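Coordinate analysis (summary)
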Amino acid sequence: MVPFAGYDMPVQYPLGVMKEHLHTRAKAGLFDVSHMGQCFITADDGTFETAAKALETLVPASIQDLNPGQQRYSQLLNKDGGILDDLMISRMGFKGHEHQLYLVVNAGCKDADYKHIAGHLPKGVSLSVKDDTLSLIALQGPRAKDILGCLNPAVEELVFMTHTDVELSEVEGGSLYAHVSRSGYTGEDGYEISAKHEDMLRLVKELLKYDDVEPIGLGARDSLRMEAGLCLYGHDIDTTTNPIEAGLIWSIQKHRREGGNYLGAKAVEDTIKNKPKRRLVGIKPDGRAPAREGTEVQDMDGKPIGAITSGGFGPSADGPVAMGYVSAKFSKAGTPVQLIVRGKPRPASVVKMPFSPHNYYRG
Amino acid sequence: MSIYFTEDHEWIKVDGDTGIVGISTYAAKALGDVVFVDLPEVGAEFDKGDEAGAVDSVKAASEIYTPVTGEVTEVNELLVDEPAKVNEDPMGKAWFFKVKISDASELDGLMDEAKYKAYLEDM
């Protein structure tokens, strides 16, 4: 158990990081992510439009055109376009609640995020934090759909980045209500499930009854997301990086890339226009030695061109994997670079991510 | 052969003026699945306490400090192809390197098996 964002969390369970990682990609891994922040944005006038317009002043993504039951990934930016946090934004699909926005933010940033959001919402739009009532788990891997489908077959019909609010039955102690989204942080098909504290323990116990489900700790969570090419806030993205440098332009819908009214829009638009000076890229060391966060990246002449922001061993890639920023001219896949590991230069290449193919269910 | 331990959980088995160096079961367990071992060069000379190599697990990297001053005479090639051996047999087959001990009195500052066991309990 280690301290993580103010919570006591396991790095691994008895299986160990490697086996937990491989199990998730082969069967189903269960993650306790209740430390993350969950909140709602609601407009007093009961319309989605008002709430969406308000959120659009804080994130580059397009919110107004979200359908009920749909979700998007985006970032909260400061006025310079630096990333304050990354988050999932959902338009509720539950009848009578389609005007509400549901946000999930990182644990380490949640207090600052809530303050930031609340401080910028206009009169008539409010933020409601639900961390005292709601827990959050994730079930990820190829077996997730069959297993969660046993508790409610409706979840099998969800496609990636959509969600539903349903009753989960066949749970010892009685059925319970949960918000289920087909999304995750591993690159695999799977779900993120939010439910009331008092129901979540029963749900977790029920899921762990399935042979194919194993509890997964922080260690494997990190190696899974790294192989999937997904950013970790505080490491690959932070206030010194903007979404364009971080390769996240895909999360900014086309019409929001010009004339955006969100905090930091000018800096983002300038970077799009003038092209970023550095880019977050995948980096694959040639040998077996992992290169970790902070490792200097050099060009083949020994000139520093960047640094690793996430690095380690990828069990599914069966070798070291890493991400880092390099000067734009070295960001093309195939570019040879050197990594200074324990004082010695080790050859590596810039590569396209992910290191492990995504298995999202798109219908 | 006598065995000694350091506070950083390295062990050294001593036979005459040759020492075999590895990491303890405690260290191997704490590291988790080992994926890479950085061994020193044969012929390299280190002072006691110098960084002589490193171990990478899925979780983290850990430096290996040599318990004695001396010259590296042999390294365990097995760990290059099978780094996981460190988790399997840290006290035996997964030794890291052999060193020619230049100053046996340095061993006096290390812990014997009993002292190391007590050290672990105190931690």
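These figures come from a predicted structure and were not determined experimentally.

1. Quick word on the packing of helix 1 (residues 17-26) of chain A against helix 6 (residues 218-227) of chain A
To characterise two packed helices, one gives the angle between the axes of the helices and the distance between these axes. Residues and elements named next belong to chain A. The geometry of helix 1 relative to helix 6 is characterised by a closest axis approach of 8 Å and an angle of 50 degrees between their N-to-C directions. Of the possible angle classes, the one that applies to helix 1 and helix 6 is oblique. Seen from above, helix 1 lies across helix 6 with right-handed handedness. Contact with helix 1, carried on its side by V17, E20, H21, T24 and R25, involves G219, A220, S223, L224 and E227 of helix 6 and no other residues of that element. For the contact of helix 1 with helix 6, the class distribution of residues is three nonpolar, four polar and three charged.

2. Quick look at the interface of chain B and chain A
The partner chain A presents 15 residues to the twelve residues of chain B that form the contact. Together, V35(B), V58(B) and K59(B) form the three largest contributors to the area buried by chain B at its contact with chain A, with a combined 40%. The interface formed by chain B and chain A includes four salt bridges. A salt bridge links D56(B) to R292(A), with the nearest nitrogen and oxygen atoms 2.7 Å apart. Here chain B is connected to chain A by seven residue pairs in polar contact (both at pLDDT 80 or more). With four residues, strand 6 (residues 51-57) of chain B is the largest single contributor of residues to the side of chain B that touches chain A.

3. Notes on the side chain of N242(A)
All names here are of chain A. Mapped onto the fold, N242 is located in the loop between helix 6 and helix 7 (265-274). Take N242: its relative accessible area is 8%, and that puts it in the buried class. Among the polar contacts listed, one links the side chain of N242 to the side chain of T271, at a separation of 3.1 Å.

4. Quick notes on the pattern of salt bridges
What the rule picks out here adds up to 26 salt bridges over all chains. Between R278(A) and E245(A) there is a salt bridge, with the nearest N and O atoms lying 3.3 Å from each other. Separated by 33 residues along the polypeptide, R278(A) in strand 14 (residues 278-285) and E245(A) in the loop between helix 6 and helix 7 bring together distant segments of the chain. Taking relative accessible area as the criterion, E245(A) reaches 13% and is therefore assigned buried. Three or more residues are tied together by salt bridges with common partners; here these are R292(A), R342(A), R346(A), D38(B) and D56(B).

5. A closer look at a negative patch on the surface
Residue and element names in this part refer to chain B. A cluster of acidic side chains, namely D47, D50, E51 and E63, defines a negative patch on the protein surface. Here E63 is to be found in strand 7 (residues 61-65). For E63, a relative accessible area of 30% translates into the label partly exposed.

6. Thoughts on the sheet that holds strand 3 (residues 28-32) of chain A
Residues and elements named next belong to chain A. Read from one edge of the open sheet, six strands run 10-11-12-9-3-13, paired in mixed fashion. Looking at the sheet topology across the chains shown, the edges are occupied by strand 10 (163-168) and strand 13 (213-215). For this sheet, the mean angle separating the axes of adjacent strands, direction not counted, is 30 degrees. Pairing of strand 10 with strand 11 (residues 176-181) involves six bridges; the strand directions are antiparallel.

7. A short note on helix 6 of chain A
Residue and element names in this part refer to chain A. Counting buried positions along helix 6 gives nine out of ten residues, so the element sits mostly inside the fold. Within the span of helix 6, buried status applies to L218, G219, A220, R221, S223, L224, R225, M226 and E227. Buried-residue contacts for helix 6 involve strand 1 (2-4), strand 2 (7-9), helix 1, strand 3, strand 16 (304-314) and strand 17 (319-327). Once helix 6 ends, the next one or two residues include G229, with phi positive near 75 degrees.

8. Things to note about the packing of aromatic side chains
All told, the structure shown has five aromatic pairs over all chains when counted by the stated rule. Here the aromatic rings of F160(A) and Y360(A) are separated by 3.8 Å at their centres, their planes lie at 10 degrees, and the arrangement is stacked. Linking F160(A) in the loop between helix 4 (144-151) and strand 10 with Y360(A) in the segment after strand 19 (344-351), this pair joins segments that are 200 residues apart in sequence. With relative accessibility at 17%, the residue Y360(A) sits in the buried group. Here the aromatic rings of F5(B) and Y116(B) are separated by 4.2 Å at their centres, their planes lie at 5 degrees, and the arrangement is stacked. Note that F5(B) is positioned in strand 1 (residues 2-5) and Y116(B) in helix 4 (residues 113-122), a separation of 111 residues in sequence.

9. Looking at the sheet that holds strand 8 (residues 70-75) of chain B
Residue and element names in this part refer to chain B. Spatial ordering of the open sheet is given by 1-2-3-9-8-5, a layout of six strands whose pairing is antiparallel. Where the open sheet ends on each side, the last strands, each with one partner, are strand 1 and strand 5 (45-46). Bridge count for strand 2 (residues 10-15) against strand 3 (residues 18-23) is six bridges, and the pairing is antiparallel. Considered in strand 3, the bridge of E10 is made with I23.

Definitions and cut-offs
Starting afresh in each chain, residues are numbered from 1 along the sequence in its written order. The order in which chains are written sets their letters, starting at A; the order in which ligands are written sets their numbers, starting at 1. Residue-level local features of this predicted model are given only where pLDDT is at least 70; pairs of side-chain atoms are given and counted only at 80 or more, and the full residue set underlies all totals for whole chains, interfaces and linings. Side-chain metrics in this entry use all non-hydrogen atoms of the structure; hydrogen atoms and water are not considered. All axes here are fitted lines through C-alpha atoms, helices being fitted over the stretch that makes contact, and every angle between N-to-C directions spans 0 to 180 degrees. Here a strand is any run of E in DSSP of at least two residues, a helix any run of H or I of at least four, and the numbering for each starts at the N terminus. Angle categories: roughly parallel below 35 degrees, roughly antiparallel above 145, roughly perpendicular from 65 to 115, and oblique for all the rest. By definition, turning the near helix anticlockwise from the far helix through less than a right angle yields a left-handed crossing, and turning it clockwise yields a right-handed one. In this analysis, two residues are considered to be in contact whenever any of their non-hydrogen atoms come within 4.5 Å of each other. Under the scheme applied here, ten amino acids are nonpolar (Ala, Val, Leu, Ile, Met, Phe, Trp, Tyr, Cys and Pro), four are charged (Asp, Glu, Lys and Arg), and all others, including Gly, are polar. Buried area, as used here, totals the accessible surface that two parts lose on assembly, with accessibility defined by a 1.4 Å probe and the loss added over both. Salt bridge, as used here, is a side-chain nitrogen of Lys or Arg placed within 4 Å of a carboxyl oxygen of Asp or Glu. Here a polar contact means two N or O atoms within 3.5 Å. Within protein one must be a hydrogen donor candidate and the other an acceptor candidate, and residues neighboring in sequence count only if both atoms are side-chain atoms. Burial classes: relative accessible area under 20% of the type maximum marks a residue as buried, over 50% as exposed, and values in between as partly exposed (1.4 Å probe, protein chains only). Without a salt bridge and with relative accessible area above 30%, a residue can belong to a patch; like charges are then joined within 9 Å and nonpolar side chains (Val, Leu, Ile, Met, Phe, Trp, Tyr) within 5 Å. Note on areas: Shrake-Rupley, 1.4 Å probe, and residue coverage restricted to the protein chains presented here. We score Asp and Glu as negative and Lys and Arg as positive, and we do not count His or the chain ends. Every charge is mapped onto a representative atom, which is NZ of Lys, CZ of Arg, CG of Asp or CD of Glu. The pairing criterion for strands is at least two bridges between them, as found by DSSP. Pairing of aromatic rings covers Phe, Tyr and the six-membered ring of Trp, with a centre-to-centre limit of 6.5 Å; geometry is then stacked below 30 degrees between planes, edge-to-face above 60, and tilted otherwise.

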